Amino acid sequence: MFDTDALLLLVTVARTGSFTAAAAELNYTQSAVSRRIATLEREAGGPLLERLPRGVRLTPAGRTLHRHAKAVLDRLARAEADLAALHGGYGATLRVGAFATANVHLLPTALRHFHETHPGVEVTPVEGPSRHLMRLVADGSLDLAIVSDYPSGLAPLDGVTLTPLLEDTLHVALPPAHPLAGEPDLELWDLRAETWIQHGPPDRPTLLTDACSRAGFTPRKIIRIAEWTGKFGYVQAGLGVTLVPSLAVRAVPGNLRLRPLDTLSRTVHLALPTAALPAAAALKEHLARIAGPGGELSRGPSPSPAGTPPR
């Protein structure tokens, strides 16, 4: 393994054409340059420089090592620059996770502002369930994740810091011809006879089943559909109703009816490693500003009034 200082010395001697000029540029004595080059030649197995009456030039072996030395030094310089950008928060790659409905408006809006303030940072988005995203933050695969306690809560993980971001009110999506579609105020009890379309583990309680239990009933039937497009399709077909968080209101098809259930909400958190990157901390600030009072999230479209489709 060649010493990088010796490789830099070889490149400098080759560029300047003499030991004297290289010594002056690198602040060495000429004798120190001679000794370092002699050591490098022994490690390389033969002469690297041909001594001339005026200066030096590379031998065939020297040209070979010189080519590799330049590549190695260039890669190290780029690594140094990338690390400086990473720790300074103005460059490198930021890996960001989010659950599906956070990708409707919350995260894209935050990223638009983030790119304006951090144009040199490349963001790699990852979508997935909150528990999976938490594990990715814990093992270092993500730098920040937007997660929620819906449908079945969040378990704390070592090395992950959770910060509450917002309370996300839940709505119920009804088919257009549903008897309750024109009711301005609904209680969960009013929906006790409904079939529910939801995604969640069948073997443990969820926010929906817990809320129904508190309201005094058990859901008559649950159809387990994971994707939002599928949930909306089932509701449009009149096969059931589904919970829709406020974050997803913009994605609801226009012919469905949304009614708020004020007693139901989920908490959205930001999950970051204990030692967060500066770029992740900056994105966190953008998300908090958007989700806070007067932020862009609070100025978004509201669920439709009775009898009219959502915008």
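Computed from a predicted structure; not experimentally measured. (Residues numbered from 1 in each chain as written. Predicted model: local features only at pLDDT ≥ 70, side-chain atom pairs only at ≥ 80, totals over all residues. Heavy atoms only, no water.)

**Observations regarding helix H6 (residues 130–138)**
Thought 1: Every buried residue of H6 is listed here: Ser 130, Leu 133, Met 134, Leu 136 and Val 137. Along the axis of H6, the buried residues cluster in a sector spanning 160°; they form a single face.
Thought 2: Of the surrounding elements, those touching the buried residues of H6 are strand E3 (93–98), strand E4 (122–127), strand E5 (144–148), strand E6 (160–174) and strand E10 (257–273).
Thought 3: Downstream of H6 by one or two residues, Gly 140 has phi in the positive range, about 85°. (Buried < 20%, exposed > 50% of the residue type's maximum accessible area, 1.4 Å probe, protein only. Helix = DSSP H or I, 4+ residues; strand = E, 2+ residues; numbered from the N terminus. Arc of directions from axis to C-beta. Contact = heavy atoms within 4.5 Å.)

**Let's talk about the packing of aromatic side chains**
Thought 1: Enumeration over the complete set of coordinates arrives at 2 aromatic pairs.
Thought 2: Seen in terms of ring centroids, Trp 189 and Phe 217 are 6.0 Å apart; in terms of plane orientation they differ by 75°. Their pairing is edge-to-face. Here Trp 189, found in the loop between E6 and strand E7 (195–198), pairs with Phe 217, found in the loop between helix H7 (207–215) and strand E8 (221–224); they are 28 residues apart in sequence, far enough to count as distant.
Thought 3: When its relative accessible area of 40% is taken as the criterion, Trp 189 is described as partly exposed.
Thought 4: Since its relative accessible area comes to 10%, Phe 217 is described here as buried.
Thought 5: Taken together, a centroid distance of 5.7 Å and an interplanar angle of 40° make the contact between Trp 228 and Phe 232 tilted. A residue pair is termed a helical-turn pair when its members lie 3 or 4 positions apart in one helix, as Trp 228 and Phe 232 do in helix H8 (residues 228–236) at 4 residues.
Thought 6: Residue Trp 228 is classed as buried on the basis of its relative accessible area, which comes to 16%.
Thought 7: A cation sits over an aromatic face here: Lys 231 above Trp 228, 3.9 Å from the ring centre. (Phe/Tyr/Trp six-rings, centres within 6.5 Å; stacked < 30°, edge-to-face > 60°. Lys NZ or Arg CZ within 6 Å of the ring centre and 35° of its normal.)

**A closer look at a negative patch on the surface**
Thought 1: Residues Glu 183, Asp 185, Glu 187, Asp 190 and Asp 262 make up a contiguous surface patch of negative charge.
Thought 2: In this structure, Glu 187 sits in the loop between E6 and E7.
Thought 3: Overall, Glu 187 belongs to the partly exposed group, its relative accessible area being 48%. (Patch = residues over 30% accessible without salt bridge, like charges linked within 9 Å, V, L, I, M, F, W, Y side chains within 5 Å. Areas by Shrake-Rupley, 256 points an atom, 1.4 Å probe, with all protein chains shown as cover. Salt bridge = Lys/Arg side-chain N within 4 Å of Asp/Glu carboxyl O. Lys, Arg positive; Asp, Glu negative; His and termini not counted. Charge placed at Lys NZ, Arg CZ, Asp CG, Glu CD.)

**A short note on the sheet that holds strand E9 (residues 242–245)**
Two strands in a sheet stick together by hydrogen bonds in their backbones, pointing the same way (parallel) or opposite ways (antiparallel).
Thought 1: Ordered by their spatial adjacency, 6 strands build an open sheet running E4-E3-E5-E10-E6-E9, and the pairing between neighbours is mixed. For this open sheet the edge positions go to E4 and E9, each flanked by a neighbour on one side alone. Across this sheet, the average inter-strand angle for adjacent strands is 25°, counted without regard to direction.
Thought 2: Its contacts with the sheet place H6 against E3, E4, E5, E6 and E10, and it is angled at close to 150° to E5.
Thought 3: Sitting on the sheet, H8 touches E6 and E9, and the angle it makes with E9 is about 130°. (Pairing = 2+ DSSP bridges. Axes fitted to C-alpha atoms, helices over the stretch in contact; angles between N-to-C directions.)

**Section: the packing of helix H1 (residues 4–16) against helix H2 (residues 19–26)**
Thought 1: Relative to each other, H1 and H2 sit at 125°, their axes nearing to 8 Å. Viewed along their axes, H1 and H2 adopt a mutual orientation that is oblique. Crossing hand, H1 versus H2: right-handed. Listed contacts from H2 to Leu 8, Leu 9, Thr 12, Val 13, Arg 15 and Thr 16 of H1 are Phe 19, Ala 21, Ala 22, Glu 25 and Leu 26.
Thought 2: Broken down by class, the residue content of the contact of H1 with H2 amounts to 7 nonpolar, 2 polar and 2 charged. (Parallel < 35°, antiparallel > 145°, perpendicular 65-115°, else oblique. Left-handed = near helix turned anticlockwise from the far one by under 90°. Nonpolar A, V, L, I, M, F, W, Y, C, P; charged D, E, K, R; others polar.)

**What about the nonpolar core?**
Thought 1: Counting residues in each nonpolar core, the largest one holds 29 residues, and the members touching the most others are Leu 94, Leu 106, Ile 146, Leu 283 and Leu 287.
Thought 2: Elements with a minimum of two residues in this core: E3, helix H5 (106–117), E5, E6, E10 and helix H9 (278–291).
Thought 3: The biggest single contributor to this core is H9, with 7 residues. (Core = buried A, V, L, I, M, F, W, Y, C linked by side-chain atoms within 4.5 Å.)

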